[in-house]
Amino acid sequence: MSKLGGGARSASGLRLTTALSLVLGAAAAATPAMAQSTDVASEEIVVTALKHGERNVQDVPVAVTAFGADQLDALNFNDLQSLTYTIPNVQLEDIGTSPGVANFGIRGLGINSSIPSVDPTVGVFIDGMYIGINSGVLTDNFDLAGIEVLRGPQGILFGRNVTGGAIVMRTRAPTDELEVRGRVAVETGLNYFADLSVSGPIAPGILSGKIAAYWNEDEGWHENDFDGSQHGASEQNIVRAALRLTPSNDFEMILRAEQGEANGDGPAAQNHALYSRDSFDFAINNRGFFDGSWEQAILETNWDVGFGDGTITNIYGWRDYQGRSGSDIDAFTISAFHARARIEQDQWSNELRYAGTFGPVDLILGHYMFEQNLLYIEERALPALGVPLRVGGGQGEFSTWGAFVNADWHLSEELTLNLGVRYTHEEKEARVSRIRRAIDNLDGAVVVPGEGVIGGSIDAGTLNFSDTPFDLSWNDTSPRIGIQWQPTPDTNLYAFAARGFRSGGVNFRVTTFGIPPCPAVPICTPGGTPQPPTSFDSEQQTSYEVGWKQDFLDGRGRFNLAIFHNEIEGMQRETNFPGPSGVQQVIVNAGDATIQGAEIEMRFNVTENFLVQLQAGYTDGEYNTLTSDLDGLPAAPSLPAVTPADFALEIPRLAPWTYGVSFLHDLEMGFGTLSSRLSYNHRDANFYTDNNRGRLNEADIFDANFTFRPTDGPWALSVYGNNLTDEVTFGGDTQLPDIAQFGGDGAGPRPPPTFSPLNKGQVIGVEFSFDF
């Protein structure tokens, strides 16, 4: 049942009233006017992802959708998931097992996992720092200068784990003049937001600073049918500070620091054996929880040098993340499968690069280092199955270094040849504790270390390791060659071929007990020899792309087209099947696949005050070779484990069609401007699990925004609605055992039980923002 309202807590209401009073008072003292919506949508966006200064997004030979600060404000942006339907062939989803865990996919390359030792296909970079795990990525974002979503492999400049693409986020740097900006908002649920940023000079011309703070309290959008309580409550607090030192015109140093915490309820888990996948109904007897905190610091140094009229840049980053969570995985009112998880991660990275120009050649040279320590502990409680606690997980130290060079050779004013290569060396040392009871058999008649004791203690933060430690390493060389032709300032044609590299690793969630050995089959009938932890190899990608970016009618119109063909070798798949421990997940290099498609983005100014935007993407994929069974169906002894049925399976998170249209209009009213934005975006249904039994709903999302800006005022008042038709979507669709304890009926008529964490439905909000 959707919740379009609810009683606000008195403390929340007092805080909201106080914040509004402060904002209104501050806005009354300021005078500059804010931009109109059609101006914002039409403004030229600069991108920095190519690491050679700022460039107009239309001039770069890569498929990228970029959002400036004003565009993000116009979209009522809160986190990356806010953009999930607005970009062709892109899915920016929260898996929902524990809030804040990113499962991003671009052009059919994505992951379906909350296991922190699984590396992404879409890398996220904040102010130049790579985020090493998916947990904690989907926290609320604010105070942003821009976001760039790059589609396709970005391995030359960004390294490993960007085979699908990269998301580059830039926070605002301290300014030389005083700037104060902020907002307060309230949404149905009820859900409150407030943020404030103050930036300006400390020692004029030499040192400037910024302090920004964000607060969010969500009382919960969902209603739990088990007891009628509101569900989905959460709170987030983030503080960000920055200093910018400019002792001379050719030297700049920016120090950014951030501390944040988020906590709240666990997932609103729907079980499709009991509730329609087109409803928001669910009933769970374990509210669950999440509690995450992080600290990070990024030091960026830029030094302009005479050599090649270039710039030497060094970006050092450090981040520490701590996360705890609890979830009702059985998504039922019987305690069949409740889980807790603990993640501790710290990382540091450093990139040193030079960008300069030598005659017709723009050159980038760089060196990169990254290290992280990761601890993951999981506890599974299955009391309705008569099974004592099972605990386990993994611990590892991961490191990588790389060197890269990229050259743009301008053969003429119109024609540019692009050549690049990156070498990467990666090492991973890890130990695994199978998620187990003390009585679980680890190796048949052979007694192995760790047998006879539980896998660890989630509260003490300890693991009792089983099996042999892993000591893995990989070397990769990824080249890129491309050509770009710009016959006019309004035309950009490009083509390239590139290689990409996604890390291998170790599964930290090993629950496969009682599994007999059978060739190439990750999950078989229970009852045989237990399966030990295994590693999985790296994934390689070869990508071909051609693109056309065109402005026309003196800039009134624009369209961008990209056509791509990707060949993936050793494709990593996380097979996900019901099992004796609730769910069993085995990560394998399943085979080779081909994914290809196209995408287009268009805009046209019908009049000075009326703008239309269009976007569409198509993706098609298939397996070429398979070495592992994906459907999980037992084969006859005389038949191979991989059958034609496996080749017929669709690649998960590959939605064939995504498309949308937006209409933006500004109505001049003499004393101000009313800006309207109406948008519709569609994504086809797509599969969640490799056996195609779990699937994600087709979605048709309607959004609207109406913003009033006074002629001579620095403030704006917005009324907006997201998902106006109350479409039901969820982060995952994990299959559970089809037995009564999970709400199943065996071979009965109902669908099998699932764990399907619900997203919010219709949200209506009011926002007041100011900038002076």
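The structure under discussion appears in the preceding block.
This is a predicted model, so every value here is computed, not measured.

So, how was this worked out
- All residue numbers refer to position in the chain's written sequence, counted from 1.
- Selection of residues for local features in this predicted model requires a pLDDT of at least 70, selection of side-chain atom pairs for listing and counting requires 80 or more, and totals for whole chains, interfaces and linings are taken over all residues.
- Water and hydrogen atoms play no part in the side-chain values, which are based on all heavy atoms of the structure.
- A helix here means a DSSP run of H or I that spans at least four residues, while a strand means a run of E at least two residues long, and both kinds are numbered starting from the N terminus.
- The globule rule used for comparison is 2.2 Å times the number of residues to the exponent 0.38, while the radius of gyration itself is calculated over C-alpha atoms.
- Summary of the burial criterion: residues with accessible area below 20% of their type's maximum are buried, those above 50% are exposed, and those between are partly exposed, where the area comes from a 1.4 Å probe applied to protein chains only.
- Note on definitions: a residue-residue contact is assigned when non-hydrogen atoms from the two residues lie within 4.5 Å.
- Using a 1.4 Å probe, accessible areas were evaluated by the Shrake-Rupley method; residue-level cover was limited to the displayed protein chains.
- In this tally, Asp and Glu contribute negative charge and Lys and Arg positive charge; neither His nor the terminal groups of the chain are included.
- In plain terms, the charge of a residue is placed at NZ if it is Lys, CZ if Arg, CG if Asp and CD if Glu.
- Centres within 6.5 Å make a pair out of two Phe, Tyr or Trp rings, where for Trp the six-membered ring is used; the pair is then stacked when the planes are under 30 degrees apart, edge-to-face when over 60, and tilted otherwise.
- Consider the ring centre and the ring normal. A charge sits over the ring if Lys NZ or Arg CZ is within 6 Å of that centre and within 35 degrees of that normal.
- Any residue with relative accessible area above 30% and no salt bridge may belong to a patch, with like charges joined within 9 Å and the nonpolar Val, Leu, Ile, Met, Phe, Trp and Tyr side chains within 5 Å.
- Salt bridge, as applied in this entry: a Lys or Arg side-chain nitrogen positioned within 4 Å of an Asp or Glu carboxyl oxygen.
- We call two strands paired when DSSP finds no fewer than two bridges between them.
- Counting of polar contacts relies on pairs of N or O atoms within 3.5 Å, with two restrictions inside protein: one atom must be capable of donating a hydrogen and the other of accepting it, and residues adjacent in sequence are counted only when both atoms are side-chain atoms.

As for the overall build of the protein chain
Here comes step 1: When you go through the protein chain residue by residue, the secondary structure sums to five helices and 43 strands.
Here comes step 2: Taken against the 2.2 N^0.38 rule, which gives 28 Å for 772 residues, the C-alpha radius of gyration of the protein chain at 26 Å falls within 12% of a compact globule.
Here comes step 3: The principal-axis extent of the C-alpha atoms belonging to the protein chain is close to 80 × 60 × 45 Å.
Here comes step 4: By the burial criterion, 60% of the 772 residues in the protein chain qualify as buried.
Here comes step 5: In the protein chain, once contacts between residues fewer than 6 apart in sequence are set aside, the share between residues at least 24 apart is 69%.
Here comes step 6: Put simply, the protein chain shows about 28,300 Å² of open surface, and 60% of that area lies on carbon and sulfur atoms.
Here comes step 7: For the protein chain, the separation between the mean place of its 48 positive charges and that of its 97 negative charges on side chains is 3 Å.

Re the packing of aromatic side chains
Here comes step 1: In this structure the tally under the stated criterion is 24 aromatic pairs.
Here comes step 2: An angle of 10° between the planes, with centres 6.4 Å apart, marks the rings of Y494 and F496 as stacked.
Here comes step 3: An aromatic cluster is defined as three or more aromatic residues linked by ring pairs; in this entry it consists of F125, Y130, F158 and F370.
Here comes step 4: Sitting above the plane of the F142 ring, R240 keeps its charged end 4.6 Å from the centroid.

Examining a negative patch on the surface
Here comes step 1: Side chains of E371, E397, E427, E429 and D471 sit close together on the surface and give a patch of like negative charge.
Here comes step 2: Inspection of the secondary structure assignment puts E371 in strand 22 (residues 361–382).
Here comes step 3: E371 sits in the partly exposed class, given a relative accessible area of 39%.

Points about the pairing of strand 23 (residues 387–410)
Here comes step 1: Strand direction decides the pairing type here: strand 22 and strand 23, joined by 21 bridges, are antiparallel. Bridging from a neighbouring strand, R380 pairs with R390 of strand 23.
Here comes step 2: Counting the residues between successive antiparallel strands, the hairpin from strand 22 to strand 23 contains four residues, one of them, G386, with a positive phi of roughly 70°.
Here comes step 3: Joining the antiparallel neighbours strand 23 and strand 24 (residues 415–436) is a turn of four residues.

Here we look at the side chain of R434
Here comes step 1: Residue placement: R434 occurs in strand 24.
Here comes step 2: Among the polar contacts listed, one links the side chain of R434 to the side chain of D467, at a separation of 2.6 Å.

Details of the sheet that holds strand 6 (residues 109–110)
Here comes step 1: Overall, antiparallel pairing links the three strands, which are arranged 4-5-6 in an open sheet. Edge positions in the sheet fall to strand 4 (90–94) and strand 6, since each of these pairs with one other strand and no more.
Here comes step 2: Direction of pairing for strand 5 (residues 102–106) relative to strand 6: antiparallel, over a ladder of two bridges. If you follow I106 over to strand 6, its bridge partner there is L109.

A look at unusual backbone geometry
Here comes step 1: G189 connects to L190 through a cis peptide bond whose omega is 0°.
Here comes step 2: Mapped onto the elements of the fold, L190 is located in the loop between strand 11 (179–187) and strand 12 (191–203).

A few points about the sheet that holds strand 8 (residues 129–130)
Here comes step 1: Read across the sheet, five strands follow the order 3-9-10-7-8 without closing on themselves; strand pairing throughout is mixed. Bordering the open sheet on either side are strand 3 (63–68) and strand 8, each of which pairs with just one other strand.

Focus on the pairing of strand 34 (residues 610–626)
Here comes step 1: Taken together, the 16 bridges between strand 33 (residues 582–607) and strand 34 define a ladder with antiparallel strand orientation. Bridge pairing in strand 34 links A598 to Y618.
Here comes step 2: Between the antiparallel neighbours strand 33 and strand 34 lie two residues.
Here comes step 3: The pairing of strand 34 with strand 35 (residues 657–668) spans nine bridges and is antiparallel. Among the inter-strand pairings, F610 is bridged to a residue of strand 35, identified as H665.

Some points on the pattern of salt bridges
Here comes step 1: Going through the model one piece at a time under the given rule, you end up with 37 salt bridges.
Here comes step 2: The partner of R107 in a salt bridge is E545, with the nearest N and O atoms 2.8 Å apart. With a gap of 438 residues between them, R107 in the loop between strand 5 and strand 6 and E545 in strand 31 (residues 539–552) connect regions that are remote in the sequence. By the burial criterion, R107 is buried, and E545 matches it.
Here comes step 3: Measuring nitrogen to oxygen at the nearest pair gives 3.1 Å for the salt bridge that ties R340 to D459.

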